[in-house]
Every structure is written in C-alpha cells, then in structure tokens.
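Spelled out, the chains give:
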Amino acid sequence: MMKSPVSAVATALLIGWVGTAGAIDPSAAFADPALQARYEHLTNELRCLVCQNQTIADSNASLAGDLRREVREMIARGDTEAQIKDFLTARYGDFVLYDPPLSARTLFLWAAPGLFVLLTVGVVVRTVIRRARQPIDADDSEESA
Amino acid sequence: MIPEIGTLALLIALVLAVLQSVFGLVGAHRNDAVWMRATSSSTVAVFLFVLLAFLVLAYGFVVHDYSIEYVAHNSNNELPLIYRIAAVWGAHEGSLLLWVLILSTWALLVSRLSKGLPDVFRARVLGTLGLVGVGFLAFTTLTSSPFTRLLPAPLDGADLNPILQDPALAAHPPMLYMGYVGTSVAFAFAVAAMLSGRMDASWSRWTRPWTVAAWMCLTLGISLGSWWAYYVLGWGGWWFWDPVENASFMPWLASTALIHSLAVTEKRGLFRNWTLLLAIFAFSLSLLGTFLVRSGVLVSVHSFAADPSRGLFVLGLLLFFIVGSLTLYAIRAPSLQSEGGFAPVSRESFLLLNNALLVAAAGLILLGTLWPLVMDSFNLGKISVGPPYFNTVFLVPTLPLVALVGVGMHSTWKRASYASKGRPLALMAIIGLVLGALVAFVCYGRYGLPLTIIGFGGGFFLMASALWQPLARLVRRQAQPRAALGMAVAHFGIGLFVIGVSGVASYKIEKDVSMGPGDTATIAGYTFRFESSKDVVGPNYLAREAQVAITRDGAPVAALTTQKRQFKIQNNPTTHAGIDVAWNRDLFVALGDELGAGKWSLRLQYKPLVRYIWLGGVFCALGGLIAILDRRYRGGIVEPVHPTDTETAAATGEG
Amino acid sequence: MWRYFTPAIAFLLLGALFAVALVRIENGTMDPRAIKSPLLGKAAPTFVLPTVTEPSRPFDSAVLKGHPYVINVWGTWCPACREEHSALLVIARRAGIPFIGIDWKDDRQQAQQYLGQLGNPYTETVADDEGRVAIDWGVYGAPETFLVGADGQVLVKFAGALTEAIWAEKFAPFVQGGG
C-alpha cells in the first residue's frame, strides 16, 4: 500500500486545505494597472502544487501565498513573464504551468486543434464530394428540423 | 438489520438485471414472445428493488444510522435533513447507487412509453440496458456497497463535505446523472439496430425523443454545476476545464452531434453509420467519465476516493461495452451504408460539418484531459493542461461553428438555395457585429479582448437568425411546428450563451481589498461599503458574517451579506458570497480573512452578463423539450409504425 | 472494410493506456499527484538562514560544500513529520553525514520544544519562516528529504514520511558506507 505519497498528500492538504474562500490578497494590488494585469494573468496560469486543482490565484494554501509573493516581487523587480516561469519550472517542473509549454513532448498537443479540425473537415469534404455525385431526387426540399 | 435489506435488494436487482438481459437479448434472437414479454417485467422488477435499496440508504441517513459506514462518513447529527438526503449521493458508493437507480428508471420509462415499438426491438433495447445494469450493479455490490457496516457504530458522523452542503447539491448530481446515464438509452437503441441489422426511418423516429430527453437533462445538469461552482466556490469562476467537468462536457458534445445526425437519418436515411458511432461515443464518453472520476488516474477536485482496484473494474466495464459495441459496429457498418445524394450546399452538408466540428472539439478536450496521464505513464515528465490551453484550443472549432449554425439553420434538404435568404442573413450578421461593437464601447467603454466584438456579434447573429423563422410564421399567422420551434429556441439559447461568455470574459473586474467598518471601495462605478460584521451560528457551523452595501452614483443598489463558515467537524472553511443579480450584471462579494485591527479581506467582483451563460443553457434545454413534444412523437411517445415502413416513407418528406 | 474497425482499435489502445496507468498506480511506480523534482542532478540551492536554537547566529549552507549531506524539511504542524521523527533519529545517527533540518513556516518556540521532547536528529536546524528557501528546493509539502552529494548535486528527493526501509532503498546506495 502506498503509504508515503498518501501521507505526503495528506500533509500537503493539511498545510493548506482546499479553502474555498479563494486567495483573497488585499496587499497584492499593484498601483500600476499594467503590472497588476500581468500579476493577475500569471497567477491565473500557475498551478497550486498543494491542492493541484486550482490556480495559485485562487488557492488558499500557504504555499500558494508564498508563490504569489514570489511572483509579485519578481514583477516589481521587472522580470519578464518568461523569466518568472523559468524560475518556477526550475524548481517545480512543467507541472506548475497550466499552459503547457511548447516543446517536443507537447508538440502534438498544440498541433492538435489544427490537425483535428483539418481531419474532420477533410472527412466532411470527402463525404460531400461523394454524395454530390450520387443522384439527388429533384423533389421539393422543405425545411424541417 | 435494515441495511442488510439494502444489500439483499441490490443482489436481487443484480439477478433480475441478468434476467432482463438474457430475456431481452436471447429472447429477441430466438423471437420468443414469452421471453420478450418477461423482459419488460424484469425491467420493472429491477427498478423496484434498486429503488428499495436507495430508500434504505436514504432512511439510514434520515435516522442517523451510523452503523452504516457510508452514513458515518458522510453525515452528522447536526446536518440538516435536506443535506442528509442529498448526502446519499455525496460520495462514491451512494452516487453509484443513484447511477443505477437512474439507469433502471430510464429502462422503466422505455418499457412503459414505447408501445409502438416492435417487440423484438424493444426486447433488444431493454436487454442492452439490462446488460449495462448488470455491469454497474455488479460493480456496486462487489466493490462499492454503500451498506457496509461500521461496528461499533460511532456516536456521530464525520459530516458531509461542507462544499456539498448547498441546495444545488440536491439538484446537480441527479440532473446530471439523468443526462449522463440517459446516453445509455440511445446506445441501447443503436445496439438494437446493429443486432437486428436494420436501421430504417422508424428507428430514427423512435430514438430521437429519448436522445433529446437525455440531452436536455445533461444540458441542465452541466448548467447547474457551472452555476453552483460560481456561487459556492467564492471565486466567481464558472468553468475550470477540470477533468470531471470535461468528462460531462464531452458526452454533451457527442449527444448534440448525435441529435443532429439523427435528424439526417430520420429525414433521409443517410449518415446511419455516423449516427451509430455517435450514439456509441456519447455513451462511451459517459462511461469514460465515470472511470476517470473514480479510478484515481486523474487529479481532480471532483474525484471520489480513488481506488485503483475499483478503477480496474470500471475499466473492464468500459472495455466490454465500448469495444464490444464498436466491434458490432465494424461488422454491421458495411451493410448499413446508404445511398443518397445531396448538393455541396445543403442541410445535410451543414449538419455534417456541424458534427465534424463538435466531434473535433470533443476530441481536443479528450486529448487535453488525458495528455498529462499519457506523459506520466510513459515517464515523459509531469505537465499540467489547464484553462489557458482549453480556452484557446476550444475556440478553434467552435468559433466557426457559431457562424455556421446561424447560416445552416436555414438550409434546406438535398439542395439549399440562399437566393432569398442570403441577404437577410448577411444583414443580420452585419447588424450583429455593429451591435456588438456598440455594446462593447457604449456599455463597457472599451474594446475588451481581441475576440470580444466577434463574440458579441456572433451571439447576436445567432439569436436573430434563430428567431427569424418563428417570428415570420407568427407574423403570417402560420402554425409553428414544434420541432422547428424547439430548434429555434435551442439555437437562441446558444446565442445567449455566447453573449454571456463574451461579456464576462471581456469585462469582468476583480478586486481584493482590505476593509473595516465604514471603508469603501469602487469597481465599475459601483461603490462597496463595508457596513458591519458579526458572528453567526448555523446548524452545524460557526460563521463570520459581513454586511456590505452597494451604491451607484449615490443611489442604493443592494445590501449584500457574505459569510465565512467554519464547519464544526470537517474544519474546511467555506465562503458564501453575497451576490446581487440584475439583468445585465452580477455583483459579487466574498469574505476572506480577518486581517486584524477590525479589517477584513474581501473580494469584490463585477460580472457583466454572466447570467446569460446559464440562461442560455436553460433555453437550450427548453428547446429540446419543445422539440420532443412535436406531433410525430405523440401517442405514448412513439407513433405506432407499420413494420414494413421503409426509407421511401422518409424520402417522400414525411415528418 | 477494415477501416470500420478503427474506432474499436483506437479504444483498445486507450484502454491499454488506462490499464498501464492503473497497474503502475497500484504497484506504486506512478503517482499522479507526486511531482518529480527538477533539481535532481542539478546543483543544490544555497541558503543562509537563522538557526532555530540561536536566531542571531545564521547558518550558511556554504559550509556544507565538499561533503554529502541531507536536507529534511519539516514542521511541528505536520503529523507525518512526527511520524517519521523516530526513524530520522536512527537514520541520522547511523548515516554519518550532516542532517540539516529546515523548519518550514513554523513557530520557533514550538520547534525548540518539539526537538527537546522528541529528540534532535539534526546536525543543525534552520528556520525558513517566509518559505523562500523551501520554494528554492521545490518543496510542496512536508516532510521532504533531499540527499546532496559531495559535488553539491542533488541526488535523491523523497516526499513523505521517511522510514528506515525507504532510506535503505533510495538513499543509502548513494551514501558511501552509510545507512
């Protein structure tokens, strides 16, 4: 029985329960709306590693608060979004990013929208061409649901 | 003693479900009238025993029987009665029992409301439903019985998860399950068709109302869930692309495609294989969702207690039903190919394209949901795929779809001409965009996001396009065929939904503030004033309550109450936001932590047009209801049909 | 004709994926919630933190350079840490290398009491009140234990309550003459 990861999770949950108050951080707001927008954008893209089902913007976990503080300080320092993400992935891996970075491993993931649409539309085109060749009875076509 | 009645009832139900399947499937195969009649009786019997088991469990909650382990883990002496009953489906075992109850209810309805179906066909449908029931009853009795005893019984229970102690809990799972489980009915109809090797127009006419009914329930269930998340979780979000949310949305997309495919099959006997596949996919995605939630392979806030051994059982069920039906499909499909042409611009083409994009969307969601698992399983690392990915990717197939729906609604069968309709539609599109731009700049004072005006424009266009024909008929005092009206209402609902999403995503404002009594903060022209705070005692919780008054330009708008509840047993704090609802926006106040010196942290939110998201869902479901009530489905849901009814009837434009 | 079997085959493949995942979760080689540390094989983060016993005397991790050592992240608020404490005492005594405890977001006095009552396995205990050092180490829950080699590279990370068996299996092979 997997005891250790379970207790790790249990402990992790203990230090920051899945609070549903959201992470209300009144000290967080930047005076500069552009910086504030960057802060909100970033914290809504980073995953809380404790509860794992919320962004650090929404999570009440203690670690989420610490990470928000780090992000805030880095933005104030003038770091770019890429630098901040690098900082976090160097410590927590790609898991912390809700927006999967484009890499060899996620290539298919990001190519998928184009691929899937092309595939399905391709099937449609092929079908329509085939059906257009078949006899269409020229009786009245009324609309119906 | 009484819980054992529950266990016994489930076992009897399992045996009866086996009989239902055997009588149905074997009886149909042998054309044995006695066996086929017995199928209907077994269906009723299964329902009764499952209902008994369900009532036994509910009774256990009502009387605080903590000798039942499930009750002990999910209830509490101070838990109010309504939540005690809702707690029946609050965790894994009980929710499975609900699943099985709803399945047997659907089967009962099919057996009672399908007098017009040929006996062989009905037997096959009920037999298939029985087989599904066997699978889930076996799963319940063998691995997840809600009636296991806890002895010695504790004096008090562990309490229901506080997040679930909300009226919406009473409604969301049952409604969602009705839709989720309802996909099994269309599946059963598809299997019956494949087993018999015949799929004619009457099959479509029988299948369609059941499919739409299940789809309605799924639409409402998902809308309820989104609405519930919005007001209970306190952060004002309405969709997070959480794996379990995705698990309910994918069957919805497949069911929507199925309804549209059925329209073609019913009208012209075409796309039969697509229809079969979609019916199988909708049910498969529903089973897949069940698997994902209960196996522990995915991390989700919704997941029930994860247990890999249970996961293997569900996986077995999954593979049996899905691979089994898909193999049956592979065998039958070649013989079910239909002949029949249509022009490149025709209703058939539009519906085909519609379905293609819906399926693409479902596929993308499936990929995104499973990708972390794929990578983890092959030791390629851990990644997360969340809202940033899904929000972007989902728009790729669906944005064109919004435009297509507005146009395609007015296409005609076989060959569509837009000679007379082209210009009005183009005008509607342009007016929609202009209106969208007006709303953006006049109502909200700024451009918004890159897609905002397109979103508004698309929504307005859809709404206008949907209302066009019904209004025209109204003006000309013509009759409104319910099917067409239903379609219009449902598509109108989609338009509302698009407007709601565009508004909220583009113009919502969120502000975290620290306030003490008398302090104010302003967002979007609304001034929030912290009036007072006090302690409140609830039935099983203690709460801190804050009163916030909202004014606009000095005139009072609302007085909101928000609470932060601390439940006595489970200790998770939950926030109950105060929400002021108006026709064009929500104002949202959520209480946070005490900061000292009398100050509290609060989250203030301005959510424009957010209600249209769920109102859109309601209209969709309403449209479905209107459509089912169409004349051709009357007379005990299914019209009696001559067994010799063939495609000629369909081709001559009947229905 | 065979193209009709495509959906069935696709689903079988998906089922195989799930089966693999389930089996691996069951036998413990996979945990969807666990996060693999990107620090493995990289240089260990350095830090300067006040010690728990004498807050005015800071501890600089630079003094650990050139020797292997263990970092253990814990807190008095963490039940699993309490669970592993007795094992830690044994392991630390036998391992023969420095055991540095990082007291994560904790109350100084409570920490001193805890170590006084239950025993102190640590060569040195530092207090990370703000959690910055924990973030540098990629900590997401307590307890977590790291083994750093003599060359300063992070060799092993374990999240969860340590036991002698786990030490023997995961850490000891890297510690020369230890365990």
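Residues numbered from 1 in each chain as written. Chains lettered and ligands numbered in written order. Predicted model: local features only at pLDDT ≥ 70, side-chain atom pairs only at ≥ 80, totals over all residues.

1. Focus on the overall build of chain B
Threshold: Working definition: helices are DSSP H or I runs of at least four residues, strands are E runs of at least two. Numbering for both runs from the N terminus. Three exposure classes are used. Buried residues have 20 or more other C-beta atoms within 10 Å of their own C-beta, exposed residues have 12 or fewer, and partly exposed residues fall in between, all C-beta atoms being placed from the backbone. Any two residues are considered in contact once their C-beta atoms, placed from the backbone, lie within 7 Å.
A count of helical and extended segments in chain B gives 18 helices and nine strands. With respect to the three principal axes, the spread of C-alpha positions in chain B is 80 × 75 × 55 Å. When burial is assessed residue by residue, chain B has 59% of its 655 residues classed as buried. Excluding contacts between residues fewer than 6 apart, the proportion of contacts in chain B whose partners are at least 24 apart in sequence is 74%.

2. Brief notes about the packing of helix α2 (residues 33-62) of chain B against helix α6 (residues 119-143) of chain B
Residues and elements named next belong to chain B. For the record, the criterion: In this description, a line fitted to the C-alpha atoms serves as the axis of each element, helices being fitted only across the stretch in contact, and the angle between N-to-C directions of two axes falls anywhere from 0 to 180 degrees. Reported orientations rely on four angle classes, namely roughly parallel under 35 degrees, roughly antiparallel over 145, roughly perpendicular from 65 to 115, and oblique for the rest. By definition, any crossing whose near helix is turned counterclockwise from its far helix by less than a right angle is left-handed, and any crossing with a clockwise turn is right-handed. Residues are grouped as follows: nonpolar covers Ala, Val, Leu, Ile, Met, Phe, Trp, Tyr, Cys and Pro; charged covers Asp, Glu, Lys and Arg; every other residue, Gly included, is treated as polar.
Packing of α2 against α6 brings their axes to within 9 Å, and their N-to-C directions diverge by 40°. Here α2 is positioned oblique relative to α6, judged by the angle of their axes. In the crossing of α2 with α6, the sense of the turn from one axis to the other is left-handed. Taking contact as the criterion, the partners of Ala-33, Met-36, Thr-39, Ser-40, Thr-43 and Val-46 in α2 are, on α6, Asp-119, Val-120, Ala-123, Leu-126, Gly-127 and Gly-133. Taken together, the residues of the contact of α2 with α6 sort by class into six nonpolar, five polar and one charged.

3. Looking at the nonpolar core
Residue and element names in this part refer to chain B. Selection rule: Here, a nonpolar core means buried Ala, Val, Leu, Ile, Met, Phe, Trp, Tyr and Cys residues linked by C-beta atoms lying within 7 Å of one another.
Counting residues in hydrophobic clusters, the biggest one holds 282 residues, and the most contacted among them are Ala-13, Phe-189 and Ala-279. When residues no more than four places from it in sequence are discounted, the contact partners of Phe-189 are Val-125, Trp-206, Thr-207, Trp-210 and Ala-279. Among the nonpolar cores identified, the runner-up in size contains 19 residues, and Val-548, Ala-590, Trp-600 and Leu-602 belong to it.

4. Here's the deal with helix α5 (residues 107-133) of chain A
Our working definition: To estimate the expected span of a helix, subtract one from its residue number and multiply by 1.5 Å.
Counted at 1.5 Å a residue, the expected span for α5(A) with its 27 residues is 39 Å, and the 38 Å between its end C-alpha atoms agrees. Restricting attention to buried positions, one finds in α5(A) the residues Leu109(A), Ala112(A), Pro113(A), Phe116(A), Thr120(A), Val128(A) and Arg131(A).

5. Here we look at the interface of chain B and chain C
A common way to state how big an interface is: give the accessible area lost once the parts meet. In this complex, chain B contributes 25 residues to the contact, which on the side of chain C involves 22 residues. Listed by contribution, the elements that provide at least two residues to the side of chain B that touches chain C are α10 (272-295), α11 (308-336) and α12 (347-377) of chain B. Tallying contributions element by element places α11(B) first for the side of chain B that touches chain C, with 14 residues. Grouping the constituent residues of the side of chain B that touches chain C by class yields 18 nonpolar, five polar and two charged.

6. Things to note about the domain arrangement of chain C
Stated formally: Each domain's limits were defined by an automated method or a database of domain assignments.
The domain architecture assigned to chain C consists of domain 1 (1-32) and domain 2 (34-174). Distance between the C-alpha centres of domain 1 of chain C and domain 2 of chain C: 39 Å.

7. Considering the packing of α12(B) against helix α1 (residues 6-26) of chain C
Here α12(B) crosses α1(C) at 60°, and the two axes come no closer than 10 Å. Read as a crossing pair, α12(B) and α1(C) show a hand that is left-handed. Where α12(B) abuts α1(C), its residues Leu373(B), Val374(B) and Ser377(B) lie against Leu17(C), Val20(C), Ala21(C) and Arg24(C). Looking at the contact of α12(B) with α1(C), its residues break down into five nonpolar, one polar and one charged.

8. Notes on the interface of chain B and chain A
At the junction of the two partners, chain B supplies 67 residues and chain A supplies 48 residues. Put simply, the parts of the chain that give the side of chain B that touches chain A at least two residues each are α9 (243-268), α12, α13 (387-408), α16 (482-507), β1 (509-515), β6 (573-576), β8 (585-596) and β9 (599-608) of chain B. Sort the elements by how many residues they give to the side of chain B that touches chain A and α12(B) lands first, with 13 residues. Taken together, the residues of the side of chain B that touches chain A sort by class into 38 nonpolar, 19 polar and ten charged.

9. A look at the pairing of strand β5 (residues 124-128) of chain C
Residues and elements named next belong to chain C. Note the following rule: Any two strands between which DSSP finds at least two bridges are classified as paired. With the strands pointing away from the viewer, any crossover whose connection runs clockwise from the first strand over the helix to the second is right-handed.
In terms of burial, β5 is largely enclosed, as four of its five residues are buried. Pairing analysis gives five bridges linking strand β4 (residues 99-104) to β5, with the strands arranged parallel. Counted as the bridge partner of Trp-104 is Asp-128 from β5. After leaving β4, the chain enters helix α3 (residues 108-118) and then returns to the sheet as β5, a path that is right-handed.

10. Quick word on the sheet that holds strand β7 (residues 578-581) of chain B
Residue and element names in this part refer to chain B. Reading across the sheet, the four strands line up as β1-β9-β8-β7 and stay open at both edges, with antiparallel pairing between neighbours. Each of the sheet's edge strands pairs with one partner strand only, and the pair in question is β1 and β7. The sheet shows a mean angle of 15° between the axes of neighbouring strands, taken without regard to direction. Bridge analysis of β8 against β9 gives nine bridges, and the strand direction is antiparallel. The residue of β9 that forms the bridge with Ala-590 is Arg-603.

11. A short note on α12(B)
An α-helical segment advances 3.6 residues per turn. Residues three or four places apart therefore align on the same side. Residue and element names in this part refer to chain B. Definition in use: What we call the bend at a residue is the angle made by axes fitted to the seven residues finishing there and the seven residues starting there.
The terminal C-alpha atoms of α12 lie 44 Å apart, and with 31 residues this matches the ideal 45 Å at 1.5 Å per residue to within 8%. Bending of α12 peaks at approximately 40° at the position of Leu-370, with proline Pro-372 no more than four residues after it. For α12, the buried fraction is high: 25 of the 31 residues fall into the buried class. With its phi angle positive at about 55°, Asn-379 sits one or two positions after the end of α12.

12. Re the sheet that holds strand β7 (residues 154-159) of chain C
Residues and elements named next belong to chain C. Ordered in space as β5-β4-β3-β6-β7, the five strands form an open sheet in which the pairing is mixed. Edge positions in the sheet fall to β5 and β7, since each of these pairs with one other strand and no more. Going across the sheet, the axis of each strand differs from the next one's by a mean of 20°, ignoring polarity. With five bridges joining them, strand β6 (residues 144-148) and β7 adopt antiparallel strand pairing. Counterpart to Leu-147 in the pairing with β7 is Val-156.

13. Quick notes on the domain arrangement of chain B
Residue and element names in this part refer to chain B. Domain annotation for chain B reports domain 1 (1-165), domain 2 (186-410), domain 3 (411-505) and domain 4 (509-608). Distance from the C-alpha centre of domain 1 to the C-alpha centre of domain 4: 42 Å. If you look at the interface, domain 1 gives nine residues, while domain 4 gives eight residues. Of the residues that constitute the side of domain 1 that touches domain 4, the class distribution is five nonpolar, two polar and two charged.

14. A short note on the confidence of the model for chain B
Short version of the rule: The predictor reports its confidence for every residue as pLDDT, a score running from 0 up to 100.
With 95% of its residues at a pLDDT of 70 or more, chain B has an overall mean of 89. The least confident element of chain B, judged by mean pLDDT, is helix α18 (residues 647-651) of chain B at 37; the most confident is helix α17 (residues 611-628) of chain B at 96.

15. Some remarks on the pairing of strand β3 (residues 69-74) of chain C
Residues and elements named next belong to chain C. Along β3, six of the six residues are buried, which leaves the element largely enclosed by surrounding structure. Where burial is concerned, the two faces of β3 agree: the one with Tyr-69, Ile-71 and Val-73 and the one with Val-70, Asn-72 and Trp-74 are both buried. Note that β3 and β6 share five bridges and pair antiparallel. Paired with Ile-71 across the strands is Phe-146, a residue of β6. Examined bridge by bridge, β3 and β4 share five bridges and lie parallel to one another.

16. Focus on the environment of Ala479(B)
You can see Ala479(B) is positioned in the loop between α15 (452-475) and α16. Residues Ala479(B) and Val56(B) lie 423 residues apart in sequence; the distance between their C-alpha atoms is 50 Å.

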